[in-house]
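Fold and geometry: a report
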Amino acid sequence: MERHPEYRKICELASRLCDGRLDETSAAELQQLVTTDEAARDLYVRYLELHSHLHWDFGMAAGESTDISSSMAMSESADSMKSLLDELLTEASVQNAPALPREKTFSSRHKAAALLTSSLVVLLVAGTGWYWVTQRDQVDPPQNIAETSPQTDADSAKTNDDRSPGEDGMDLPAPPPELPSIDWAIAHNQPDPIAADSVEGHPGDRDNKPVGVAYSRDDDVIKAINTQVASGWEDWGFSPAPSADDFEWVRRVYLDLAGRIPTEAELQSFLADQSPDRDQQLVDRLLESPSFALHWSTNWMNLLVGRSPNPQVDRLTLQEYLYAVADRNGSWNRVVKDLIAAEGNPRENGAANFLVAHLNNQAVPATSYVARTLLGFQIQCAQCHQHPFYSVSQREFWELNSFFKQAVVTRVGSSGTSEMSQVELRDRQTGGPTYYESRDGVMHAAFPRYNGTEVDEDETVSRRQQLANLLVEGEDPLVAQAFVNRTWSQLFGYGFTQPVDDLGPHNPPSHPELFATLSRSFVSNDYDIKRLYRWICLSDAYRLSSRVSDVNREDAPDQGNPPAFTRMYFKPLSPEQLYDSLLAVAGHSNRAIRNRERHVENRDQWVQQFVSSYENDENNESSHFDGTISQALVLMNGSLVDETISPEKNPFLAELIQTSLTDQEKFERVCIKVLSRKPTQKEQALFRQVLASLRDVKSTPERNTLLARSLSDLLWAYVNSSEFITNH
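Residues numbered from 1 in each chain as written. Predicted model: local features only at pLDDT ≥ 70, side-chain atom pairs only at ≥ 80, totals over all residues. Heavy atoms only, no water.

This brings us to the overall build of the protein. From N to C terminus, the protein includes 32 helices and ten strands. Taking all 728 residues of the protein together, 55% fall into the buried category. For the protein, the accessible surface area stands at approximately 31600 Å², while carbon and sulfur atoms represent 48% of it. (Helix = DSSP H or I, 4+ residues; strand = E, 2+ residues; numbered from the N terminus. Buried < 20%, exposed > 50% of the residue type's maximum accessible area, 1.4 Å probe, protein only. Areas by Shrake-Rupley, 256 points an atom, 1.4 Å probe, with all protein chains shown as cover.)

Following this line, the structure appears as structure tokens:
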């Protein structure tokens, strides 16, 4: 690129912009340069592009790499970008521009930002403003608060009194009250028009203004699901798979709502029912069953505190709290409030376990978990730097974190004990900001603020209670969207976004109008959890088979395509679903109902062999269950499988051997028991070959022994099949 006459000036001004040091006069100068000269505009965009890569790569390398190879790759990328950026700066001989004068007010900086924004509208028209969309929140990043405005003695006293523990000696004034906060409802909740335009083929993207209608009648919501999913098929040019047969659908709905495969009796009962509304009756019956409450509470317990054991967390009490919510059909907004504002002993108040599990490391895990699990946003990287995709700054991460400033987990018993009964979650009486350090080494103050609302700072007022109320405000809050998206994903295998907890303008939903309709209807129906499941399970899309054909083969979200839901996608069983399904095969499906606490303890102990904790700042863990050697070994020769295939321990096998059924009928019952379907012709032919070896055996006891061994081997083969460990 030919060197521009104003090369040095453009680089200097762009550097000030990226560092947040651009005043009003410089903004006007930059505007004049980039809007009147194409070469200057090209240089400006090139500079910002290089700076953005450096900004992102350094952020990733600092806290998000998960293995050595990825760390090396990001390090090399960062070094490469840094070299290019240094080359530009060296050629221009740019010196560090001075910080804003102390007398410069915040409102004047806002004027500068507004002036620069107006110039960037011209850049968008010129075709080079695409970069600004991803960087618009860096116009006015957090400034060095020591250089904003003179503080009063009262301000200084308040700051020193409210200083967090361990921060003695820091003399940091609070930021001006007019410090702006990005409106979450606008910046995060609504699809960004330009980001949405960049994704082709999304139904409803024609006007980029998905307006969901809140319905109160179940039939209206189900009709909306059917209509809008079918509209997506038309837009994409796909044809749906045929409807699932009764065997496939019954197995699917039991796994999704009861957390296990159906028993032989349950399957036969549905097949014998000829009523026109039998699907609806089964869904309603399962939603009201103890099995649904257990399955739903298990899913959310794992989402909220993970599967790894924590000496401070009472998983059973948390599950009992969630079980009661599902059993009495409690509302999700009430659950959110309980989880955020809970206090007391986690052994007595199950909801308190959520924050008890994540208040370590300055409540950074709590901030990340609340955003990711309850709001559907992965903002953890904003802890250290501006988020590269969301309009979330480092300041906003710590503003959310500041809501947990008062919360502490304390021991109330004798020192040194690790019993859960000695742990208590409470709020201490403290106020003031939370302090954090930006990447340039400057300390900043963050006050509790959410969705543009700064809460009461009185030390006697619970910040968590105020946050709990803010999270459920409005007709379509993020907590509703996140819950709807996650529920849809649990039932279909894919949500409206991928990942399911990564909402935002950079990741528009596959069906924006349907997503908005479900979220708004969910809120208008008082966050009714079971009703949401009912809507989805009675939809046409949920009733489709998992069959792949030429007309829907390209509907492949596993290859990065947006899901069109032309069929039911394959979903691997969770460890808990596999455990409970093995019990169902062994004839112990009612064990959980007889003694739920003991069942959950035994199941958790069995699941632990597949779980590892990272023990990092975000309390993450990994599961080596799906398709791993550990899973294969457990299914081949684990004690639970041995019990399942043993005629001495499995009452189903013991009874089957003694019945007067033909050998072929016995074989068919094994297939129905394990896979919830009749055997195929190929499977029947193979089993006839097995039975051929029994024809010459005359002794009944000997024949029964050989038959029992053959049926046991058959059951073992079915349990170890990919079909058994998959929900389809």
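Here we come to the packing of helix H24 (residues 575-585) against helix H26 (residues 596-607). The N-to-C vectors of H24 and H26 enclose an angle of 120°; their axes lie 10 Å apart at closest approach. Taken together, H24 and H26 sit at an angle that is classed as oblique. As for how H24 packs across H26, the hand of that crossing is right-handed. Here H24 contributes Pro 575, Glu 576, Leu 578, Tyr 579, Asp 580 and Leu 583 to the contact with H26, which in turn contributes His 599, Asn 602, Arg 603, Trp 606 and Val 607. Each residue belonging to the contact of H24 with H26 can be placed in one class, and the counts come to six nonpolar, two polar and three charged. (Axes fitted to C-alpha atoms, helices over the stretch in contact; angles between N-to-C directions. Parallel < 35°, antiparallel > 145°, perpendicular 65-115°, else oblique. Left-handed = near helix turned anticlockwise from the far one by under 90°. Contact = heavy atoms within 4.5 Å. Nonpolar A, V, L, I, M, F, W, Y, C, P; charged D, E, K, R; others polar.)

Attention shifts here to the confidence of the model for the protein. Scored by pLDDT, the protein comes out at a mean of 76, with 70% of its residues at no less than 70. Between residues 53-183, whose pLDDT stays under 50, and residues either more than four places distant or in other chains, the model counts 194 contacts. Here residues 185-209 is modelled with pLDDT under 50, and outside its nearest four sequence neighbours on either side it reaches 49 contacts, counting other chains as well. (pLDDT = per-residue confidence, 0-100.)

Below, the discussion takes up the side chain of His 588. Examined against the element boundaries, His 588 turns out to sit in the loop between H24 and helix H25 (591-594). Those residues in contact with His 588 that sit more than four places away from it in its chain are Leu 583, Glu 643, Lys 649 and Pro 651.

Attention now moves to the pairing of strand S4 (residues 443-446). Relative to S4, strand S3 (residues 434-437) is paired through four bridges, and the arrangement is antiparallel. Bridge pairing links Tyr 435 to Ala 445 in S4. Between S3 and S4, which pair antiparallel and follow one another directly, the connecting turn spans five residues, one of which, Gly 441, has a positive phi of 85°. (Pairing = 2+ DSSP bridges.)

For the structure shown, the criterion picks out 23 aromatic pairs. The structure contains a cluster of three or more aromatic residues connected by ring pairs, namely Trp 488, Phe 492, Tyr 494, Phe 496, Phe 515, Tyr 542, Phe 565 and Tyr 569. For Arg 596, the ring lying beneath its charged end belongs to Tyr 323, and the centroid distance is 3.6 Å. (Phe/Tyr/Trp six-rings, centres within 6.5 Å; stacked < 30°, edge-to-face > 60°. Lys NZ or Arg CZ within 6 Å of the ring centre and 35° of its normal.)

Attention now moves to the pattern of salt bridges. Summed over the entire model, instances satisfying the criterion amount to 29 salt bridges. The salt bridge partner of Arg 217 is Asp 220, with a shortest N-O separation of 3.1 Å. Owing to a relative accessible area of 27%, Asp 220 belongs among the partly exposed residues under this scheme. Between Lys 530 and Glu 288 there is a salt bridge whose closest N-O contact spans 3.4 Å. Residue Lys 530 is found in helix H23 (residues 529-537), and its partner Glu 288 is found in the loop between helix H13 (278-287) and helix H14 (290-305); the two are separated by 242 residues along the sequence. For Glu 288, a relative accessible area of 54% puts it in the exposed group. What emerges from the salt-bridge pattern is a single network uniting Asp 218, Asp 284, Arg 531 and Arg 534. (Salt bridge = Lys/Arg side-chain N within 4 Å of Asp/Glu carboxyl O.)

Now for the environment of Leu 694. Here Leu 694 lies in the loop between helix H31 (681-692) and helix H32 (700-719). Looking at Leu 694, the relative accessible area reads 3%, which means it is buried. Along the primary structure Leu 694 and Leu 707 are separated by 13 residues, whereas in three dimensions their C-alpha atoms are 7.7 Å apart. Those residues in contact with Leu 694, other than ones at most four positions away along the chain, are Arg 703, Leu 706 and Leu 707.

Right, let's talk about the packing of H14 against helix H21 (residues 478-492) for a bit. Running from N to C, H14 and H21 cross one another at 120°; their axes reach a closest spacing of 13 Å. In terms of orientation, H14 lies oblique with respect to H21. The handedness of the crossing between H14 and H21 comes out as right-handed. Across the interface between the two elements, Trp 296, Asn 299, Trp 300 and Leu 303 of H14 pack against Phe 483, Arg 486 and Gln 490 of H21.

Membership of the largest hydrophobic core comes to 112 residues, with the highest contact counts inside it found for Trp 296, Trp 332, Trp 488 and Leu 518. Setting aside residues up to four positions removed in sequence, Trp 332 forms contacts with Trp 296, Trp 300, Leu 374, Val 479, Phe 483, Phe 522, Tyr 527 and Ile 529. The next biggest cluster of nonpolar side chains, apart from the first, holds 39 residues, and it includes Ile 261, Val 585, Ile 657 and Phe 687. (Core = buried A, V, L, I, M, F, W, Y, C linked by side-chain atoms within 4.5 Å.)

With that settled, consider H13. What H13 keeps buried is the set Arg 278, Asp 279, Leu 282, Val 283, Leu 286 and Leu 287. Among the structural elements, helix H11 (246-257), helix H12 (264-272), H14 and H23 are those in contact with the buried residues of H13.

Mapped onto the secondary structure, Asp 501 falls in the loop between H21 and helix H22 (512-524). For the pair Asp 501 and Gly 376, spaced 125 residues apart in sequence, the C-alpha separation works out to 4.1 Å.

The next thing to look at is the environment of Ile 379. Take Ile 379: it is sitting in the loop between helix H18 (364-374) and helix H19 (394-401). For Ile 379, a relative accessible area of 0% puts it in the buried group. With twelve residues separating them in the primary sequence, Ile 379 and Thr 367 have C-alpha atoms 8.7 Å apart.

Attention now moves to the side chain of Arg 251. Examined against the element boundaries, Arg 251 turns out to sit in helix H11. Once you skip the residues sitting within four places of it in the chain, Arg 251 turns out to touch Ile 261, Pro 262, Val 674, Leu 675, Ser 676, Glu 723, Phe 724, Thr 726, Asn 727 and His 728.

Note the cis peptide between Gln 498 and Pro 499, where omega equals 0°. Along the chain, the position of Pro 499 falls in the loop between H21 and H22. The phi dihedral of Asn 361 falls on the positive side, at around 50°, and the residue is not glycine. Within the fold, Asn 361 resides in the loop between helix H17 (353-356) and H18. For Asn 361, a relative accessible area of 36% gives the class partly exposed. With phi around 55°, Tyr 527 is a residue other than glycine that occupies positive phi space. Its place among the elements puts Tyr 527 in the loop between H22 and H23. The class of Tyr 527 is buried, set by a relative accessible area of 3%.

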